[in-house]
Amino acid sequence: MPVLVMKFGGTSVATLDRIRRAAKRVGREVANGYDVIVIVSAMSGKTNELVGWVNETSPLYDAREYDAVVSSGENVTAGLMALTLQEMDVPARSWQGWQVPLKTTSAHSQARIEEIPTDNIMQKFDEGMRVAVVAGFQGISPEGRITTLGRGGSDTTAVAFAAAFDAERCDIYTDVDGVYTTDPRITSKARKLDKIAFEEMLELASLGAKVLQTRSVELAMRYKVRLRVLSSFEDGGDNAGTLVCDEEDIVESNVVSGVAFSRDEAKMTLISVADRPGIAAAIFTPLAEAGVNVDMIIQNISDDGRTDMTFSCPVDQVVRAQQAMAGAKERGEINFHELDADTEVAKVSVVGIGMRSHAGVASQMFRALKDENINIKVITTSEIKISVLIERKYLELAVQALHDSFGLENAA
Ligand code: ADP
Ligand code: ASP
Ligand code: MG
């Protein structure tokens, strides 16, 4: 029988009632003739609570135990979903990641999926089981320890299962009815897109739109998974939600398709470093070794052989970055006057494949921000996106101004 993957996010399994509602949807697809793999998240808020407990117990925690704790939320919902389905007379059982086994790297808290053997679950389907409920977000390392896939990782579990089982589609059920031109919580003018290209979705996700985990979009693109995002609360019929698809399947593409943002950024400036060959390597190697995710970088014009180097990173990595730079200075690898940390910044980006063939998007973006008197601190561009760093307090205003300026309320 054809296989369908259905993933339910935290809000979609937040109560027993909602689990029942989700199970009914699964039951309908079983009645339609599918063998279904259901991927569940933890109940909403649960993972945050577990992360909080770990931090409170051990601020410099052992990542293997972090994974042991934070993966547990999904175990509960997987079991409850299987029980609910059984109550509806649908043959179902639950699987934790290690039972599949979903094999990952040993990069705890950020593991990558390496392999999903299908034989265990396939055998059960052959024996008449109709639904395999799998705990999302978790796997097992080569050392036999529980791993997790990074926040939002159940999306990636779902797409990886869809690829491994050659599923007809991977449906991501969430608390919005699709992918919007921007986070609908920021502006009521946000519009649902019927289709979005993989490349655009990849940029939006990596620039902060958390509706899909970035890695899930990468996998869907690589393995040609039909990926759909839709509401677990509304019934939208066969064409509900947003289809993430190849660029060629979109008839008319917009110059700009969406606005993404990332609220919690920091801008770090090393003041007066020697401008010599190798200085960038001397700065960014220790940052990488400390696990700092450096995003934007600018080097200023040098004056008298010295220059300022600015980079951005997530705000919760500022202390790590400061320690890495202080260590490099102590070891004599770099010399700087001061390290300035601006922790009140946010990043706003516009994304669209139409930018490849349209000039003037950057200038339009800068004008829209200027009209609101918003100062731009750092700019980066790539083929299909432009990002700027601005003061965090102007984030909502900036998103709304850009959404208006690019006419996104008319998008579909
Ligand atoms: P789940 O728990 O189902 O995985 P998430 O909270 O991870 O759900 O993702 C859904 C949320 O993503 C929405 O509630 C919405 O606020 C946010 N979001 C951000 N950007 C977008 C966007 N462009 N389109 C739709 N939702 C978005
Ligand atoms: N429960 C995990 C999280 O909150 C994984 C997920 O929901 O995708 O990050
Ligand atoms: Mg999510």
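Described in the following lines is the structure provided in the data block. (Residues numbered from 1 in each chain as written. Chains lettered and ligands numbered in written order. Predicted model: local features only at pLDDT ≥ 70, side-chain atom pairs only at ≥ 80, totals over all residues. Heavy atoms only, no water.)

1. Focus on the environment of F198
Where we set the bar: Numbering of helices and strands runs from the N terminus, with a helix taken as a DSSP run of H or I at least four residues long and a strand as a DSSP run of E at least two residues long. Contact criterion: two residues are considered in contact whenever any of their non-hydrogen atoms come within 4.5 Å of each other.
Structurally, F198 can be placed in helix α7 (residues 198-206). Along the sequence, F198 and N373 sit 175 residues apart, while their C-alpha atoms lie 34 Å from each other. Apart from residues no more than four positions distant in its own chain, F198 is found in contact with V217, A220, M221, V225, V244, C245 and D246.

2. Side note on the site of ligand 2
Operational definition: Residues are counted as near a molecule or strand when any one of their heavy atoms sits within 4 Å of it. Two N or O atoms form a polar contact when they lie within 3.5 Å of each other; inside protein one atom must be a possible hydrogen donor and the other a possible acceptor, and for residues adjacent in sequence the pair counts only when both atoms belong to side chains. Each accessible area is a Shrake-Rupley estimate made with a 1.4 Å probe; only the visible protein chains count as cover when residues are assessed. Gly counts as polar in this scheme, as do all residues outside two lists: the nonpolar Ala, Val, Leu, Ile, Met, Phe, Trp, Tyr, Cys and Pro, and the charged Asp, Glu, Lys and Arg.
Around ligand 2 sit S41, T47, E74, F137, R151, G152, G153 and S154, and that is every residue in its neighbourhood. Separating a nitrogen atom of ligand 2 from a side-chain N or O atom of E74 is a distance of 2.7 Å. Against a free-state accessible area of 260 Å², the protein chains account for coverage of 86% of ligand 2. Classifying every residue of the shell around ligand 2 by side-chain character gives one nonpolar, five polar and two charged.

3. Digging into the pattern of salt bridges
Oppositely charged side chains may form a pair once their charged atoms are brought near each other. Counted only if it meets this: Salt bridge, as used here: a side-chain nitrogen of Lys or Arg that lies within 4 Å of a carboxyl oxygen of Asp or Glu. We call a residue buried when its accessible area falls under 20% of the maximum for its residue type, exposed when it is over 50%, and partly exposed in between, using a 1.4 Å probe and counting protein chains only.
Taken as a whole, this structure holds 26 salt bridges when the rule is applied. Among the ionic pairs, D155 bridges to K7, the shortest N-O distance being 2.7 Å. You can see D155 sitting in helix α6 (residues 154-164) and its partner K7 sitting in strand β1 (residues 3-8), a full 148 residues away along the chain. Here D155 matches K7 in class, with each residue buried.

4. Points about the packing of helix α11 (residues 361-371) against helix α12 (residues 395-405)
Heads up, the rule is: Here an angle of 0 to 180 degrees is reported between the N-to-C directions of two axes, which are lines fitted to C-alpha atoms, with helices fitted over the stretch in contact. Geometric relationships in this document are graded by angle, where less than 35 degrees denotes roughly parallel, more than 145 denotes roughly antiparallel, 65 to 115 denotes roughly perpendicular, and other angles denote oblique. Crossing handedness is defined as follows: a turn of the near helix away from the far one that is anticlockwise and smaller than a right angle gives a left-handed crossing, while the clockwise case is right-handed.
Between α11 and α12, the shortest axis-to-axis distance is 9 Å and the interhelical angle comes to 130°. Our classification of the angle between α11 and α12 gives oblique. α12 is crossed by α11, and the crossing has right-handed handedness. Contacts between α11 and α12 pair Q364, M365, A368 and L369 from the former with A398, A401, L402 and S405 from the latter.

5. Focus: unusual backbone geometry
Backbone torsion omega between V100 and P101 reads -10°, so that peptide bond is classified as cis. Looking at where P101 falls in the secondary structure, it is placed in the loop between β3 (92-95) and β4 (103-104). A positive phi is found at S109, a non-glycine position, where the angle reads about 75°. Within the fold, S109 resides in the loop between β4 and β5 (113-115).

6. Notes on the nonpolar core
For soluble globular proteins, nonpolar side chains are generally found buried alongside one another. Note the cut-off: What we call a nonpolar core is a set of buried Ala, Val, Leu, Ile, Met, Phe, Trp, Tyr and Cys residues that are connected through their side-chain atoms within 4.5 Å.
With 66 residues, the main nonpolar core has F161 and V350 as its most contacted residues. Per-element accounting of this core gives the leading share, five residues, to α6. Setting aside anything within four residues of it in sequence, one finds F161 in contact with V5, I37, I39, V100, L102, I116, I121 and V134. By size, the runner-up hydrophobic cluster in this structure holds 25 residues, among which are L4, Y34, V40 and V131.

7. Comments concerning the packing of aromatic side chains
The description of an aromatic ring pair uses the distance of the two centres, along with the angle that the planes make with each other. In plain terms, the rule: Any two rings among Phe, Tyr and Trp, with Trp reduced to its six-membered ring, count as a pair given centres within 6.5 Å; such a pair is stacked if its planes are under 30 degrees apart, edge-to-face if over 60, and tilted if neither. Only when the NZ atom of a Lys or the CZ atom of an Arg is both within 6 Å of the ring centre and within 35 degrees of the ring normal do we say a charge sits over the ring.
Inspection of every chain in the model, using the stated rule, returns four aromatic pairs. Between the aromatic rings of F8 and Y173, the centroid separation amounts to 4.9 Å while the plane-to-plane angle is 15°, which identifies the pairing as stacked. Here Y173 lies in strand β9 (residues 169-174) and F8 lies in strand β1, a separation of 165 residues in the sequence. The exposure class assigned to F8 is buried, which follows from its relative accessible area of 0%. Judged by centre distance (5.8 Å) and plane angle (10°), the ring pair of F161 and F165 falls under stacked. The two residues F161 and F165 agree in class, both being buried. Sitting over the face of the ring of W95, R93 holds its NZ or CZ atom 3.6 Å from the ring centroid. The aromatic ring of F336 is capped on one face by K329, whose charged end is 4.6 Å from the ring centroid.

Any functional reading would require information that these geometric values do not contain.
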